Amino acid sequence: MANYSKGYNNQNKGYSNNNQNKQKVKHSGAKATTYTPTSGPNQGVEQHLTTGWRLSKGELIAIKCVTTSKSNLSDKGWFGSVACTFTNTKTGVQSFHWGTMQKNGGKVVIDGMAFVINPRAKNGGYAGTFLRSN
């Protein structure tokens, strides 16, 4: 048998193995779709939509990013001027930001917030902050 040092208890929660069987809780997700509206100002024009969600301090933040008439496709396959709306589902507070969207993957980057919404990330997508590498 092992000889334990003074004060160590194998019942101590800090050393238990109970966490090995628990699944990791997901804190964000994202999906991308393409659609063509049948009415409204963008009728017949293909639109790209990326939706996401994020748990932040116990509150659910819903994110919706969609191309607009101002969105222009660059040579590298990115849309500029993508309208992004963040909604706190608990309080109803909304905020609006402009971002850029990758046409093929639906990834949205909002530089001013250092925020990314990536539907192709593993385990159902990712919505959250990113660190810029120099």
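Rules behind the numbers
Residues numbered from 1 in each chain as written. Predicted model: local features only at pLDDT ≥ 70, side-chain atom pairs only at ≥ 80, totals over all residues. Heavy atoms only, no water. Core = buried A, V, L, I, M, F, W, Y, C linked by side-chain atoms within 4.5 Å. Buried < 20%, exposed > 50% of the residue type's maximum accessible area, 1.4 Å probe, protein only. Helix = DSSP H or I, 4+ residues; strand = E, 2+ residues; numbered from the N terminus. Contact = heavy atoms within 4.5 Å. Polar contact = N/O pair within 3.5 Å; in protein donor to acceptor, adjacent residues only side chain to side chain. Pairing = 2+ DSSP bridges. Axes fitted to C-alpha atoms, helices over the stretch in contact; angles between N-to-C directions. Disulfide = S-S within 2.5 Å. Phe/Tyr/Trp six-rings, centres within 6.5 Å; stacked < 30°, edge-to-face > 60°.

Comments concerning the nonpolar core
Thinking step 1. With 14 residues, the main nonpolar core has I63, C65, C84, F86, V108, F115 and I117 as its most contacted residues.
Thinking step 2. When residues of this core are traced back to their parent elements, those giving at least two are β3 (59-66), β4 (78-88), β6 (108-110) and β7 (115-118).

Some words on the environment of Q47
Thinking step 1. Tracing the sequence through the fold places Q47 in strand β2 (residues 47-56).
Thinking step 2. By relative accessible area, which is 3% here, Q47 ends up buried.
Thinking step 3. Between the alpha carbons of Q47 and S69 there is a distance of 9.5 Å; along the sequence they are 22 residues apart.
Thinking step 4. Setting aside residues no more than four positions away along its own chain, Q47 makes contact with T33, T34, Y35, P37, N42, V66, T67 and T68.
Thinking step 5. Only 3.3 Å separates the side chain of Q47 from the side chain of T67, close enough to count as a polar contact.

A word on unusual backbone geometry
Thinking step 1. At K57, a position not held by glycine, the phi torsion is positive, near 55°.
Thinking step 2. With respect to the helices and strands, the residue K57 is situated in the loop between β2 and β3.
Thinking step 3. You can call K57 exposed: its relative accessible area is 85%.
Thinking step 4. We note that A114 has phi near 55°; this positive angle belongs to a residue other than glycine.
Thinking step 5. Among the secondary structure elements, A114 is positioned in the loop between β6 and β7.

Concerning the sheet that holds strand β1 (residues 28-35)
Thinking step 1. Strand order in the open sheet made by the eight strands is β1-β2-β3-β4-β5-β6-β7-β8, with antiparallel pairing throughout. Strands with a single pairing partner mark the edges of an open sheet, and in this sheet they are β1 and β8 (126-129). Adjacent strand axes in the sheet meet at a mean angle of 20° when their direction is disregarded.
Thinking step 2. Two elements, β4 and strand β5 (residues 94-102), share eight bridges in a ladder whose sense is antiparallel. Bridging across to β5, W78 finds its partner in Q102.

So, the state of the cysteines
Thinking step 1. Taken as a whole, this structure holds one disulfide when the rule is applied.
Thinking step 2. A sulfur-sulfur distance of 2.4 Å marks the disulfide that ties C65 to C84. Disulfide C65-C84: the torsion about the S-S bond is 120°, which places it as right-handed. On the criterion of sequence distance, the pair formed by C65 in strand β3 and C84 in strand β4 is long-range, its members being 19 residues apart.
Thinking step 3. When its relative accessible area of 0% is taken as the criterion, C65 is described as buried.

Observations concerning the packing of aromatic side chains
Thinking step 1. Across all of its chains, the model carries two aromatic pairs by this definition.
Thinking step 2. Relative to W98, the ring of F96 lies with its centre 5.1 Å away and its plane at 90°, an arrangement referred to as edge-to-face.
Thinking step 3. For W98, a relative accessible area of 43% translates into the label partly exposed.

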